[in-house]
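Architecture at a glance
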Amino acid sequence: MAHHEVTEFVPVPAEQKAAKDARLPLGWRDACGSLLIPLNVCRHETSYATWKCDNERHAYEKCQYDDYISRMKALEKQARLAAENA
């Protein structure tokens, strides 16, 4: 049986200059922007041969998932506190 470690998500957005130099659209400059830049570089260098950028894509998608889980836990906590105070 697989065991998944639960760790606190720490967002690592791309620096403004790096995002601008990579021509990263504003909508994609989120908590995982620093991982999207190398993924896009890999995609460009390999003419979008999807199997050649698996490691970069996996890291980016895991970051997106962890960000989503983190936001949902925060929302759940906020709703729970609001219910307790009501």
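In short, a report on the structure. All values derive from a computational prediction rather than experimental measurement.

Details of the packing of helix α2 (residues 33-45) against helix α3 (residues 54-85)
As a packed pair, α2 and α3 sit with axes 9 Å apart at the nearest point and diverge in direction by 150°. In terms of axis orientation, α2 runs roughly antiparallel to α3. Here the hand of the crossing between α2 and α3 comes out left-handed. Every residue of α3 that contacts α2 at Leu35, Leu36, Pro38, Leu39, Cys42 and Arg43 is listed here: Glu56, Arg57, Ala59, Tyr60 and Cys63.

Comments concerning α3
Helix length check: α3, at 32 residues, gives a terminal C-alpha distance of 46 Å against a target of 46 Å (1.5 Å per residue), a fit within 8%. Within the span of α3, buried status applies to Tyr60, Cys63 and Asp67. At its buried positions, α3 is contacted by α2.

Description of the layout of surface pockets
In this structure, the second largest pocket encloses a volume near 270 Å³. Lining the second largest pocket are Asp21, Ala22, Arg23, Leu24, Pro25, Trp28, Leu36, Ile37, Asn40, Val41, His44 and Tyr48. Considering each element in turn, the lining of the second largest pocket owes the most residues, five residues, to α2. Of the residues contributing to the lining of the second largest pocket, the split by class is eight nonpolar, two polar and two charged.

The rules behind each value
- Residues numbered from 1 in each chain as written.
- Predicted model: local features only at pLDDT ≥ 70, side-chain atom pairs only at ≥ 80, totals over all residues.
- Heavy atoms only, no water.
- Axes fitted to C-alpha atoms, helices over the stretch in contact; angles between N-to-C directions.
- Helix = DSSP H or I, 4+ residues; strand = E, 2+ residues; numbered from the N terminus.
- Parallel < 35°, antiparallel > 145°, perpendicular 65-115°, else oblique.
- Left-handed = near helix turned anticlockwise from the far one by under 90°.
- Contact = heavy atoms within 4.5 Å.
- Expected span 1.5 Å × (residues − 1).
- Buried < 20%, exposed > 50% of the residue type's maximum accessible area, 1.4 Å probe, protein only.
- 1 Å grid on protein atoms, 1.4 Å probe; cavity = no way out; pocket = protein on both sides within 12 Å on 5 of 7 lines; lining within 4 Å.
- Points joined across faces, edges and corners; volume = space filled by probe spheres on them.
- Nonpolar A, V, L, I, M, F, W, Y, C, P; charged D, E, K, R; others polar.

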